[in-house]
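Each chain, letter by letter, is given below.
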Amino acid sequence: MDTMPLTPSRRLYARQTYGRAADAFDAVAWRPPEPRRFDSRVANDPVVPEPTLKELAADLPGWVTVVAGGAVAALMGALLGGALAL
């Protein structure tokens, strides 16, 4: 257990900050909180329903389709050019 000395200035700071005096004279003991052993949520129970692919595609602006199509065409051309170079 870690200890931290409580000086008079810290005691005054605690009194002014929290509105109550610290009841320790030499040290304040601190212990980390105990972790929860089990998560009580069900594993296959979604908290928020995920959007479908159609909903995601409907939310995209029109220029994304053009840019994605161009990128796919460039990739396919590079792959085909590499295959023909062999």
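Everything that follows concerns the structure shown earlier in this document.
Below: a short report on this structure. (Residues numbered from 1 in each chain as written. Predicted model: local features only at pLDDT ≥ 70, side-chain atom pairs only at ≥ 80, totals over all residues. Heavy atoms only, no water.)

**With respect to the overall build of the protein**
Operational definition: Here a strand is any run of E in DSSP of at least two residues, a helix any run of H or I of at least four, and the numbering for each starts at the N terminus. With a 1.4 Å probe rolled over the protein chains alone, any residue whose accessible area is under 20% of its type maximum counts as buried; one over 50% counts as exposed, and the rest are partly exposed. In these tables, accessible area is a Shrake-Rupley quantity obtained with a 1.4 Å probe, and a residue counts as shielded only by the protein chains included in the view.
Tallying secondary structure elements over the protein gives three helices and two strands in all. Traced from its N-terminal end to its C-terminal end, the protein shows the element sequence β-α-β-α-α. For the protein, the residues scored as buried account for 2% of the 86 residues in total. Roughly 8,500 Å² of accessible area belongs to the protein as shown, and the carbon and sulfur atoms make up 64% of that amount.

**Focus: helix α3 (residues 62-85)**
Residue pairs three or four apart in sequence face the same way in an α-helix, which turns once every 3.6 residues. What counts is decided by this rule: Under the convention used throughout, the expected extent of a helix is 1.5 Å for every residue step, that is, one less than its residue count.
Between its first and last C-alpha, α3 extends 35 Å over 24 residues, near the 34 Å set by a 1.5 Å rise per residue. Burial analysis of α3 places just zero of its 24 residues in the buried class, which makes it a mostly uncovered element.

**Observations concerning a nonpolar patch on the surface**
Stated formally: Patch criteria: residues need more than 30% relative accessible area and no salt bridge. Like-charged residues are merged within 9 Å; nonpolar side chains of Val, Leu, Ile, Met, Phe, Trp and Tyr are merged within 5 Å. Salt bridges, as used here, are contacts in which a Lys or Arg side-chain nitrogen is within 4 Å of a carboxyl oxygen on Asp or Glu.
Together, V72, L75, M76 and L79 give the surface a local cluster of nonpolar side chains, amounting to about 420 Å² of exposed area. Examined against the element boundaries, L79 turns out to sit in helix α3. L79 gets classed as exposed once you look at its relative accessible area, which sits at 54%.

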